Amino acid sequence: MSTELPIEPPADAQDATVGIIGMGDMGRLYARTISGAGWKVTACDRPDKYEALRAEFQGSSITILENGHLVSRCSDYIIYSVEAENIDAVVKLYGPSTKMGAIVGGQTSCKAPEIAAFERHLPKDVEIISCHSLHGPKVDSRGQPLVIISHRATPKGTALITRILSCFRSKTVHLSALEHDRITADTQAVTHAAFLSMGTAWHANAQFPWEVERYNAGGIENVKINIMMRIYSNKWHVYAGLAILNPAAKDQIRAYADSVTELFKLMISHKKQEFSDRILAAGAAVFGRHRGGQLLLRDDILDQYSLSAAQIPKNERRPNSHLSLLAMVDCWWKLGIVPYDHMICETPLFRLWLGVVEYVYRDRRLLEECIETAMEDDTFRMDDIEFTFAARGWSDAVSFGDFESYRKRFEKVQTYFAPRVAEATRLGNEMIAKIFEKTRDEAIASEETAE
Ligand SMILES: NC(=O)C1=CN([C@@H]2O[C@H](COP(=O)(O)OP(=O)(O)OC[C@H]3O[C@@H](n4cnc5c(N)ncnc54)[C@H](OP(=O)(O)O)[C@@H]3O)[C@@H](O)[C@H]2O)C=CC1
Ligand SMILES: O=C(O)C(=O)Cc1ccc(O)cc1
């Protein structure tokens with residue numbers, strides 16, 4: 001495991017052609033950025049989209065071809081940027097056309113099936129070097145992690161790919177496929193499970209949380225609502241793929257659902273001592289080494305990003321049990337995970353999630369307030385019971401591995417929240433841009449120092 005600065009290109013690097021198979025959101029980001037850095041780029045989507053894609057990219061320096069055979073034949077680095085569920089079929093189709101001696105990688109969010117497909121279908125002379133940008137297509141890539149997986153690779157091949165991808169000005173992290181999947185099961189799959197469950201619970205209670213007085217509680221609630229809306233405004237297949245196909249994700253999501261259920265049972269049976277001991281033990285295990293240092297998030301920034309019309313002063317806000325947060329720490333504790341160790345594969349959403357969890361656990365008064373509310377206050381009970389059902393439901397959906405039922409669960413909630421998606425996306429983008437200003441500025445400053 002290492003983090004490296006970009007390596008100087010080998011002498012022939014400027015001649016390399018990069019091929020992109022799958023011109024969806026991430027494929028387009030890659031094609032535009034890599035071409036903008038001066039590399040030759042060829043790209044395709046499904047053959048039936050050829051004419052439309054060609055018209056769209058007319059006059060640009062990106063060459064659109066009819067299919068993946070043509071892209072594979074003429075490219076030195078081919079990136080498959082298709083739905084994770086389709087990776088085996090697409091590599092099976094185009095893999096045998098790979099140019100002799102080329103390097104092949106993929107952008108899918110889970111590497112076990114991608115690497116298996118490459119090993120199964122690519123000619124043996126082909127190197128395998130995969131990648132994964134840990135951010136969405138609309139997020140500034142500077143300073144965000146970019147994982148490079150040199151699975152079947154020469155040092156020269158790795159140097160070339162590192163050089164090509166350095167145009168994203170991301171934080172390059174070299175990992176094995178296995179390390180990548182174990183870490184992203186936490187930073188992505190479990191994080192998403194928590195927010196998917198919040199959305200499902202609010203939908204089950206027929207609530208738009210920003211219209212409910214008890215959710216007008218500033219920073220933490222704003223993050224929960226904005227991220228939940230952000231996830232449900234995206235494509236279901238991204239979340240389904242990275243959870244269902246990641247061998248480590250099922251167990252971690254199940255552990256999260258178990259923590260939610262067990263804590264909820266302690267709450268409704270008013271076992272305050274047991275509940276409190278468990279919360280504090282989990283907090284000590286997870287945050288013990290991180291008591292000092294700067295918090296990841298600042299409350300005053302988060303307060304600015306609310307979907308609600310009414311802003312309630314801090315001293316009049318109603319405390320929340322924050323079952324979703326308490327269960328996250330309980331789950332990390334049970335699994336022996338220290339989330340700070342996973343920051344090498346952080347996404348913007350994970351940083352926000354860890355940020356709010358940390359915010360509660362490093363403020364003893366706030367944590368005591370959560371424990372007190374969980375035990376004594378019925379205001380959030382109907383939310384917490386629906387949240388418990390939802391967490392177990394999402395865990396089942398992932399365990400059963402059925403993409404179609406995952407899609408139905410997802411789209412039901414997505415449709416419910418659709419009317420406010422545009423506004424939530426705008427707010428979420430502003431919130432993420434503001435919070436990551438510092439990360440981006442640090443990345444630029446360290447590049448300038450290196451130059
Ligand atoms: N969106 C995100 O935030 C991120 C996504 N990823 C990963 O990147 C990959 C792509 O995601 P994203 O761009 O968002 O998804 P999209 O659905 O926007 O893009 C995938 C594209 O691949 C196309 N495709 C499918 N089969 C073929 C084929 N046989 N030949 C050529 N093209 C094909 C799809 O067409 P059609 O729609 O017709 O099937 C679609 O246009 C996914 O595996 C995802 O997990 C990684 C990082 C971030
Ligand atoms: O930040 C998140 O978790 C997102 O929702 C965006 C995202 C989705 C899939 C990826 O593989 C990487 C980033």
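Everything below is about the structure printed above this text.
Computed from a prediction, not measured in an experiment: that's the story for all the values here.

Calculation criteria
Residues numbered from 1 in each chain as written. Chains lettered and ligands numbered in written order. Predicted model: local features only at pLDDT ≥ 70, side-chain atom pairs only at ≥ 80, totals over all residues. Heavy atoms only, no water. 1 Å grid on protein atoms, 1.4 Å probe; cavity = no way out; pocket = protein on both sides within 12 Å on 5 of 7 lines; lining within 4 Å. Points joined across faces, edges and corners; volume = space filled by probe spheres on them. Helix = DSSP H or I, 4+ residues; strand = E, 2+ residues; numbered from the N terminus. Nonpolar A, V, L, I, M, F, W, Y, C, P; charged D, E, K, R; others polar. Phe/Tyr/Trp six-rings, centres within 6.5 Å; stacked < 30°, edge-to-face > 60°. Buried < 20%, exposed > 50% of the residue type's maximum accessible area, 1.4 Å probe, protein only. Lys NZ or Arg CZ within 6 Å of the ring centre and 35° of its normal. Near = heavy atom within 4 Å. Polar contact = N/O pair within 3.5 Å; in protein donor to acceptor, adjacent residues only side chain to side chain. Areas by Shrake-Rupley, 256 points an atom, 1.4 Å probe, with all protein chains shown as cover. Sits in = over half its atoms within 2 Å of the grid points. Pairing = 2+ DSSP bridges. Right-handed = clockwise from strand over helix to strand, strands pointing away.

Caption draft 1: Focus on empty space enclosed by the protein. In total, this model carries three cavities of 30 Å³ or more according to the counting rule given. Ala-189, His-192, Ala-193, Leu-196, Tyr-239, Leu-242, Ala-243, Ile-253, Trp-394, Val-398 and Tyr-406 are the residues that line the second largest cavity. When contributions to the lining of the second largest cavity are tallied by element, the ones reaching two or more residues are helix H7 (177–204), helix H9 (236–244) and helix H16 (381–400). Looking at the lining of the second largest cavity, the element that brings in the most residues is H7, giving four residues. Split by residue class, the lining of the second largest cavity holds ten nonpolar, one polar and no charged.

Caption draft 2: How the structure looks around the layout of surface pockets. Of the volumes computed, that of the largest pocket is approximately 1,200 Å³. Lining the largest pocket are 49 residues; nearest its centre among them are Asp-25, Met-26, Lys-235, His-237 and Val-238. Looking at the lining of the largest pocket, the elements with two or more residues in it are helix H1 (25–36), helix H4 (87–94), strand E7 (127–133), H7, H9, helix H14 (348–361) and helix H18 (421–450). The element best represented in the lining of the largest pocket is H9, accounting for five residues. Classifying every residue of the lining of the largest pocket by side-chain character gives 20 nonpolar, 21 polar and eight charged.

Caption draft 3: Examining the packing of aromatic side chains more closely. Taken as a whole, this structure holds twelve aromatic pairs when the rule is applied. Between Tyr-232 and Phe-410, the ring centres sit 5.1 Å apart and the planes meet at 40 degrees, which makes this aromatic pair tilted. With Tyr-232 in helix H8 (residues 219–232) and Phe-410 in helix H17 (residues 403–417), the pair connects residues that are 178 residues apart, well separated along the chain. An angle of 65 degrees between the planes, with centres 4.9 Å apart, marks the rings of Trp-394 and Tyr-406 as edge-to-face. In this pair, Trp-394 is assigned in helix H16 and Tyr-406 in helix H17, connecting sequence segments twelve residues apart. Classification of Trp-394 by relative accessible area gives buried; the value is 1%. On the accessibility criterion, Tyr-406 (1% relative accessible area) is buried. Taken together, the ring pairs connect Phe-208, Tyr-416 and Phe-417 into an aromatic cluster. Stacked on the ring of Trp-394, the Lys or Arg Arg-409 has its end atom at 4.5 Å from the ring centre.

Caption draft 4: Inspection of the site of ligand 1 at higher detail. Taken together, 25 residues are adjacent to ligand 1, and Asp-45, Val-82, Glu-83, Ser-109 and Lys-235 come closest. Measuring from an oxygen atom of ligand 1, one finds a backbone N or O atom of Val-82 at 2.7 Å. One of the side-chain N or O atoms of His-237 is found 2.9 Å from an oxygen atom in ligand 1. Taking 890 Å² as the accessible area of ligand 1 by itself, protein coverage stands at 86%. Applying the majority rule of atoms within 2 Å of the grid points places ligand 1 in the largest pocket. Looking at the shell around ligand 1, the elements with two or more residues in it are H1, H4, E7 and H9.

Caption draft 5: Quick peek at the pairing of strand E8 (residues 145–152). Pairing of E7 with E8, which is carried by six bridges, proceeds in the antiparallel orientation. By the bridge assignment for E8, Ser-133 is matched with Leu-146. Taken together, E8, helix H6 (residues 155–165) and strand E9 (residues 171–174) constitute a β-α-β crossover, and its handedness is right-handed.

Caption draft 6: Local environment of the site of ligand 2. The environment of ligand 2 is made up of 13 residues, and the closest members are Ser-109, His-132, Gln-188, His-192 and Tyr-239. Contact between ligand 2 and His-132: an oxygen atom at 2.5 Å from a side-chain N or O atom of the residue. One nitrogen or oxygen atom from the side chain of Gln-188 is found 3.4 Å from an oxygen atom belonging to ligand 2. Among the detected pockets, ligand 2 sits in the largest pocket. Element by element, the count of residues in the shell around ligand 2 is highest for H9, at three residues. Here the residues of the shell around ligand 2 are counted per class, giving five nonpolar, eight polar and no charged.

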